[in-house]
Amino acid sequence: MQGPAPRETPDLAALFDAAAAARGRAHAPYSRFAVGAALRDEAGAIHAGCNVENAAYPVGTCAEAGAIAAMILAGGRRIREILVLGGGGLVTPCGACRQRIREFAGPDTPVHAAGPDGMARSFTLEELLPFAFGPETLGV
Ligand code: THU
């Protein structure tokens, strides 16, 4: 843990703790902006990820991408809620990650933005990515 957990609910505190632990392992020597993400899947399991930067800058990956890859590897297929933890201020998923989340989540899925001191703000995915392109668009 890198800071006080959010007080809202035990479920949120568990997500926060997982994201904080993941953030502690971020590889961010270029931006020096460590990010952790943690999500809860349809079975209740938590999966986490951190950003992994690269000397060839565009090759770096976001924390959310790592958490989603961990979920898929573990057999999860739906995101019930996701929390992103940055260094302070309001750190929300980047545009590409909103689309990554959309693949496995619905419009009402909670997306929590947190800083080291706790929760900053919660959104629905639809608030962050309205009129989204998704699997249904392709009939899947
Ligand atoms: N980053 C994430 O990991 N998730 C986001 O949603 C925002 C940005 C990372 C990418 C890069 O390693 C660093 O933060 C600065 O952009």
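Quick note: structure is the one above.
Residues numbered from 1 in each chain as written. Predicted model: local features only at pLDDT ≥ 70, side-chain atom pairs only at ≥ 80, totals over all residues. Heavy atoms only, no water.

Chemist: Just to check I follow, could you spell out helix α2 (residues 63-74) for this structure?
Modeler: In an α-helix, one turn spans 3.6 residues, which is why side chains three or four residues apart end up on the same side. The terminal C-alpha atoms of α2 lie 17 Å apart, and with twelve residues this matches the ideal 16 Å at 1.5 Å per residue to within 8%. Listing the buried residues of α2 in full gives Ala63, Glu64, Ala65, Ala67, Ile68 and Met71. Against β1 (36-41), β2 (46-50), β3 (79-85) and α3 (95-102) lie the buried residues of α2. Where α2 terminates, the next one or two residues include Gly75, which has phi positive at roughly 100 degrees. (Helix = DSSP H or I, 4+ residues; strand = E, 2+ residues; numbered from the N terminus. Expected span 1.5 Å × (residues − 1). Buried < 20%, exposed > 50% of the residue type's maximum accessible area, 1.4 Å probe, protein only. Contact = heavy atoms within 4.5 Å.)

Chemist: Just checking my understanding: could you explain the pairing of strand β5 (residues 118-124) for this structure?
Modeler: Regular strands have side chains that alternate between both faces of the sheet. Judged from the six bridges that link them, strand β4 (residues 110-115) and β5 form a sheet pairing that is antiparallel. Residue pairing for β5: Ala113 is matched across the bridge by Arg121. Where β4 folds back on β5, the antiparallel hairpin that results is connected by two residues. (Pairing = 2+ DSSP bridges.)

Chemist: When you look at the layout of surface pockets in this model, what are you seeing that I'm missing?
Modeler: Unfilled space is identified by rolling a water-sized probe across the atoms. Each pocket or cavity is described by its volume, and for the largest pocket that value is around 260 Å³. Taken together, the residues that form the lining of the largest pocket break down as ten nonpolar, six polar and two charged. (1 Å grid on protein atoms, 1.4 Å probe; cavity = no way out; pocket = protein on both sides within 12 Å on 5 of 7 lines; lining within 4 Å. Points joined across faces, edges and corners; volume = space filled by probe spheres on them. Nonpolar A, V, L, I, M, F, W, Y, C, P; charged D, E, K, R; others polar.)

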